[in-house]
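# Topology and contacts: notes
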Amino acid sequence: MNKSQWIPIVCLRVLAMVSTFVATVVMVTSHDSAKVLGMTFQAKYNNSPTLKYFVVVSIITTIYSLGALFVPPKKLGRHVLVLDLIVLSFLISSFSAAVGVGQLGKEGNSHAGWLPICGQVPKFCHHVTVALISGFVAVIIYFLLIVYNLNNVLNLVAFKA
């Protein structure tokens, strides 16, 4: 792999790493409290297993992206492509689950009798929204990274044949 192929990969990895890091930091700092009927309740990301899953996957993706930056270009290939696919799968699953919980918090569910909470804890909802946007950006960047890597791997196979 020559330098002109390596530079976009590094740029995409750095962008993905920054995006997942931002998603993690914003989600971890999301907390708010509200007083309803004389009782105070707190909204934090760690109250929801789904949002915890989103944070864990974002941390793992950040660490993986950082580690993948140190893999020599000649060692890249199918192994990193497979790991990127696995990371993207986890990113998509955690993002999708977190969006579902976020939508439930924002809109509620009248059929189940769940009321929306964003009116009472707007700071928390804003943090979750920003973290989800950053997570979506990471999903898009990882998708582009996989498409670019797949193109490079297929071209290498075609040149060897």
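A brief structural summary. (Residues numbered from 1 in each chain as written. Predicted model: local features only at pLDDT ≥ 70, side-chain atom pairs only at ≥ 80, totals over all residues. Heavy atoms only, no water.)

### Description of the state of the cysteines
Applied cut-off: The term disulfide is used for any two cysteine sulfur atoms that are within 2.5 Å.
Using the criterion set out here, one finds 1 disulfide in the structure. With a sulfur-sulfur separation of 2.1 Å, Cys118 is cross-linked through a disulfide to Cys125. Every disulfide takes its handedness from the sign of the S-S torsion; for Cys118 and Cys125 that torsion is -95°, giving left-handed.

### Here we look at the layout of surface pockets
Defined as follows: Lining residues are those with an atom within 4 Å of a point, where the points come from a 1 Å grid over the protein atoms alone and group into cavities, where a 1.4 Å probe fits but cannot get out, or pockets, open sets with protein on both sides within 12 Å along at least five of seven lines. Grid points are joined across faces, edges and corners, and a volume is the space filled by probe spheres set on the points. Numbering of helices and strands runs from the N terminus; a helix is a DSSP stretch of H or I covering at least four residues, while a strand is a stretch of E covering at least two. Residues are grouped as follows: Ala, Val, Leu, Ile, Met, Phe, Trp, Tyr, Cys and Pro are nonpolar; Asp, Glu, Lys and Arg are charged; all remaining types, including Gly, are polar.
A volume near 580 Å³ is recorded for the largest pocket. As for the largest pocket, its lining consists of 28 residues, and the residues nearest its centre are Val101, Gly102, Gly105, Lys106 and Ile117. For the lining of the largest pocket, the secondary-structure elements that each account for two or more residues are strand E2 (39–44), helix H3 (78–107) and helix H4 (122–160). By residue number, the principal contributor to the lining of the largest pocket is H3, which donates 8 residues. When its residues are assigned to classes, the lining of the largest pocket shows 17 nonpolar, 9 polar and 2 charged.

### Brief notes about the pairing of E2
Using the following cut-off: Think of it this way: DSSP has to see at least two bridges between two strands before they count as a pair.
The pairing of strand E1 (residues 31–36) with E2 spans 6 bridges and is classified as antiparallel. Each bridged residue has a counterpart across the sheet, and for Ser33 the counterpart in E2 is Gln42. Linking E1 back to E2 in an antiparallel pair, the connection comprises 2 residues, with Leu37 at a positive phi of about 55°.

### Points about the environment of Leu81
Note the threshold: Should any heavy atoms of two residues lie within 4.5 Å, those residues are considered in contact.
For Leu81, the location among the structural elements is in helix H3. Measuring from C-alpha to C-alpha, the distance between Leu81 and Ser33 comes to 43 Å, with 48 residues separating the pair along the chain. When near neighbours in sequence (up to four residues on either side) are disregarded, Leu81 contacts Ile146, Asn149, Leu150 and Val153.

### Focus on helix H1 (residues 3–28)
For the record, the criterion: Working rule for helices: expected span equals 1.5 Å times residues minus one. Remark: exposure states derive from per-residue accessible area (1.4 Å probe, protein chains only) relative to the maximum for the residue type, with buried under 20%, exposed over 50%, and partly exposed in between.
For H1, spanning 26 residues, the distance from its first C-alpha to its last is 37 Å, which sits close to the expected 38 Å at 1.5 Å a residue. Turning to H1, its buried residues number three or more, namely Trp6, Ile9, Leu12, Arg13, Ala16, Met17, Ser19, Thr20, Ala23, Thr24, Val26 and Met27.

### Quick word on H3
Between the first and last C-alpha of H3 there are 43 Å, a value that for 30 residues agrees with the 44 Å anticipated at 1.5 Å per step. Burial in H3 covers these residues: Val80, Leu81, Asp84, Val87, Leu88, Leu91, Ser94, Phe95, Ala98 and Gly105. Taken from the residues just after H3, Gly108 is the one with a positive phi, measuring 75°.

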